[in-house]
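Close look at the chain arrangement
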Amino acid sequence: MVAIVTMIFLFGMISFVTNLAAPIGNIWKMQPQIAGSNTLAMMGNMMNFLAYLFMGIPAGNMLTKFGYKKTALIAIAVGFIGVFVQFLSGVVPGFPMNFITYLLGAFISGFSVCMLNTVVNPMLTLLGGGGKKGNQYVQIGGTFNSLMGTLTPMLVGAMIGQLIAGKTVISDVNPVLFTAMAIFAAAFIILSFIKIQDPEQVADAAHAESPWNYRHFVYGVIAIFVYVGVEVGIPGTLNLYLADPNNPAGMLDATSAAAVAGFVAGTYWFLMLIGRFVSSLISGKVSSKTQLTCTALVALILVICAIFAPATVKVNMPAFTGASFAMVNVPLSALLLVLCGLCTSVMWGAIFNLAVEGLGAATNKASGLFMMMVVGGGIIPLLQGYLADHLGYMASYWLIALGVAYILYFAVIGSKVSKRVK
C-alpha cells in the first residue's frame, strides 16, 4: 500500500512539474530583458516537452535494462535535480544566465517526467495485480495527476499576486519549488526501502512488424503530437492573456490578475479531471471513436467561438480556487476556452486506442514513439506564443483550432484500420 500511494504521488508530480512552466513563464515575461515576449515566456514549457523527444525511447530501454524500481529511483533523482536547478535560476545573478539556468532546469525536469510516465502506469498495474484492480489504481493515479494540474497554476498565481515588471522574480515561488523537492526526496527514500518484483518479460517483440507500416498509426502519431500541444496551449496562453497587465483590453484588475489567471487556468485542468472521471464510467459502452469525434467537434466550436467573442464582453464564471469555487469576472472567450478542458480530457486515451488498433506485437514499439510525440506540448504552445506576440492572443488560437480540426479528421477518417502502401 505504501508503494501504491508513492506511485500515485509520483503520478501527481508529473503534472505538478509540467504545469509549473506556464505560470512561471508569467514571471520571466515581466523581466525587463524579455520585455513581455510570450514566445520567451513559453520557452520553459518548450524545454520541458523537448526532453520527451530525446528520452522517449531511452526511457523504455531503461525499463527493460534496470527494471521498474531502479528506473523510478533514477527518474525521481533527476526530477529533484531539475527542480533544484530551477530554484538556482533565482539565485544566479544577471540575465541571460539566470534565464538559461531556468531553461536547463526545465529541460532536466522533462527527462524526469518522461521516465516517470514510462514507469508509473505499468507499476501501478503491477502493484494492483493487473486486471480491474490494477486499472483502478491507474485511474486513481490519473485523477491525482489532474488534481495536481489543477492546483499548480493556482498556487503559483497566488504566490505571485500582482505582476510588477522588474520586481516579480522567480524566488517569489520558492515555496512551490521547495515542496516539489521535498516530495521527490521523500518518494526516493520510501521507494528505496520497498521491494518491487518486476513482472516476467512477455514474448520478445523485437522482430515485430514496424508500426509505421500502418497508415492509421501514422495519422495517430501526428494526432497525439497535435493533441498534447492543444491540451497545453489552451490554458497556457490563456494564463498569459489574463495575467498580462499591458493587455489593451484591460481584462482584469492588475493587483489580482495573476491569481485570477491561475484560478481560471486551474479550472481548465479541474474540468479535465471531471471529464476523465466521466469517461471512465462510460468507456465500457461508448467507443473511443465516438468519444473522440464528439469531443473534438465540440472543442472546435468552442475555440472558434472564443476567437470571435468580443473582448469587451465579460461574464461571471465559477473558478476553482483550490478549496471551493468563487465567481470571477472574465472575458467570455476565457469561459469558452476553459470548457475545452471537458473535451481534451478524453483525447489522449481515445487517440492511443484508435492508433494502436490492430498493431499486435508492434504495440510496444508504438508506445515508445507515442512518448516521443509528447514534444508537441512544447512546440505548439511556443508557436502559439509567437503568434500571440505578432497577431494577438485570440488570433493565436487559430493554431489550436487547426489542431483540433485535425484531431476531428483522425477520429472520423484517419483512424480507420489499414496498412500504408509500402
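Structure shown above.
Notes on the structure in this doc start here. What you see is a predicted model, and the numbers here were worked out from it, not measured in a lab. (Residues numbered from 1 in each chain as written. Predicted model: local features only at pLDDT ≥ 70, side-chain atom pairs only at ≥ 80, totals over all residues. Heavy atoms only, no water.)

Observations concerning the overall build of the protein chain
Rule in force here: Strands are runs of DSSP state E lasting at least two residues, helices are runs of H or I lasting at least four, and both sets are numbered from the N terminus onward. Note on contacts: a residue pair qualifies if any of its non-hydrogen atoms lie within 4.5 Å across the two residues. Surface accessibility in these figures is a Shrake-Rupley result with a 1.4 Å probe; residues are shielded only by whichever protein chains are displayed.
For the protein chain, the count of helices and strands is 15 helices and 2 strands. A separation threshold of at least 6 residues defines the contact pool for the protein chain, and within that pool the share at least 24 residues apart is 82%. About 17000 Å² of surface is accessible on the protein chain, with carbon and sulfur atoms providing 69% of the total.

Section: helix 10 (residues 288–308)
So the rule is basically this: Take the number of residues in a helix, subtract one, and multiply by 1.5 Å to get its expected span. Accessible area is worked out with a 1.4 Å probe on protein chains only. A residue is then buried under 20% of its type maximum, exposed over 50%, and partly exposed in between.
Between its terminal C-alpha atoms helix 10 stretches 30 Å, which fits the 30 Å expected from 21 residues at 1.5 Å a residue. For helix 10, every residue scored as buried is listed here: Q291, L292, T295, A296, A299, L300, L302, V303, A306 and I307. In the core, the buried residues of helix 10 are packed alongside helix 9 (257–282), helix 11 (332–344), helix 12 (347–355) and helix 15 (393–414).

Side note on empty space enclosed by the protein
Worth spelling out the cut-off: Only protein atoms enter the 1 Å grid, on which a cavity is a set of points fitting a 1.4 Å probe that cannot get out and a pocket is an open set with protein on both sides within 12 Å along at least 5 of 7 lines, lining residues being those with an atom within 4 Å of a point. Grid points are joined across faces, edges and corners, and a volume is the space filled by probe spheres set on the points. Only Asp, Glu, Lys and Arg are considered charged in this grouping, and only Ala, Val, Leu, Ile, Met, Phe, Trp, Tyr, Cys and Pro are considered nonpolar; every other residue, Gly among them, is considered polar.
For the structure on display, the rule yields 2 cavities of 30 Å³ or more. Looking at the second largest cavity, its volume works out to about 40 Å³. In terms of lining residues, the second largest cavity is bounded by V17, L20, A21, N48, Q86, Y102 and A106. Taken together, the residues that form the lining of the second largest cavity break down as 5 nonpolar, 2 polar and no charged.

Comments concerning a nonpolar patch on the surface
The test is simple: Patch criteria: residues need more than 30% relative accessible area and no salt bridge. Like-charged residues are merged within 9 Å; nonpolar side chains of Val, Leu, Ile, Met, Phe, Trp and Tyr are merged within 5 Å. A pair is scored as a salt bridge if a Lys or Arg side-chain nitrogen falls within 4 Å of a carboxyl oxygen belonging to Asp or Glu.
On the surface, I274, F277, V278, L281, I282, L339 and L342 cluster together into a nonpolar patch covering about 570 Å² of accessible area. Secondary structure elements with two or more residues in the nonpolar patch: helix 9 and helix 11. In terms of residue count, the dominant contributor to the nonpolar patch is helix 9 (5 residues). With respect to the secondary-structure elements, L342 resides in helix 11. Taking the relative accessible area as the measure of exposure, L342 reaches 36% and is therefore partly exposed.

Here we look at helix 1 (residues 2–18)
The terminal C-alpha atoms of helix 1 lie 24 Å apart, and with 17 residues this matches the ideal 24 Å at 1.5 Å per residue to within 8%. Of all the 17 residues making up helix 1, 14 are buried; the element is thus mostly covered by neighbouring parts of the structure.

Quick notes on the state of the cysteines
Here is the rule: Pairs of cysteine sulfur atoms within 2.5 Å are identified as disulfides in what follows.
Counted under the stated rule, the structure contains 0 disulfides. Looking at the unpaired C340, the closest cysteine sulfur is the one in C343, lying at 5.8 Å. Given the relative accessible area of 6%, C343 is considered buried.

Overview of the nonpolar core
We apply this condition: Definition of nonpolar core: a set of buried residues of the types Ala, Val, Leu, Ile, Met, Phe, Trp, Tyr and Cys, connected through side-chain atoms within 4.5 Å.
Among the nonpolar cores identified, the biggest contains 139 residues, and L238, V264, L292, M347, I351 and Y397 are the most heavily contacted of them. Sorting elements by how many residues they give to this core places helix 4 (residues 43–88) first, with 20 residues. Excluding its chain neighbours within four sequence positions, the residues that come into contact with V264 are L238, L242, M317, V328, V330 and V338.

A few points about the environment of A366
Tracing the sequence through the fold places A366 in helix 13 (residues 363–372). A relative accessible area of 0% means that A366 is categorised as buried. Among all residues touching A366, those that are not within four sequence positions of it are P211, F217, V356 and L359.

Some points on the packing of aromatic side chains
Heads up, the rule is: Geometry of aromatic contacts follows a simple scheme: Phe, Tyr and Trp rings, the Trp one being its six-membered ring, pair when their centres are within 6.5 Å, and the pair is stacked under 30 degrees between planes, edge-to-face over 60, tilted otherwise.
This structure, assessed with the given rule, holds 15 aromatic pairs. For the pair Y406 and Y409, a centre-to-centre distance of 5.9 Å together with 40° between the ring planes defines the contact as tilted. Taken together, the positions of Y406 and Y409, both in helix 15 and 3 residues apart, correspond to about one turn of that helix. Y409 gets classed as partly exposed once you look at its relative accessible area, which sits at 32%. Among the aromatic residues, those joined into a cluster by ring pairs are W28, F95, F99 and Y102.

A look at unusual backbone geometry
Following F95, the chain continues into P96 via a peptide bond in cis, with omega recorded as 15°. Within the secondary structure layout, P96 lies in the loop between helix 4 and helix 5 (97–127).

Let's talk about the packing of helix 8 (residues 215–243) against helix 12
Heads up, the condition is: Helix axes use the C-alpha atoms of the stretch in contact, all axes being lines fitted to C-alpha atoms, and the angles between their N-to-C directions lie in the range 0 to 180 degrees. Should an angle fall under 35 degrees it is taken as roughly parallel, and over 145 as roughly antiparallel, whereas 65 to 115 is taken as roughly perpendicular and any remaining angle as oblique. The handedness criterion is simple: a crossing whose near helix is rotated anticlockwise from the far helix by less than a right angle is left-handed, and one whose near helix is rotated clockwise is right-handed.
The interhelical angle for the contact between helix 8 and helix 12, taken along N-to-C directions, is 165°, at an axis separation of 9 Å. Taken together, the axis directions place helix 8 and helix 12 in an arrangement best described as roughly antiparallel. Crossing angle aside, the handedness with which helix 8 passes helix 12 is left-handed. Between helix 8, through H216, F217, G220, A223, I224, Y227 and V228, and helix 12, the contact on the second element is made entirely by M347, W348, I351, L354 and A355. Looking at side-chain class alone, the contact of helix 8 with helix 12 contains 10 nonpolar, 2 polar and no charged residues.

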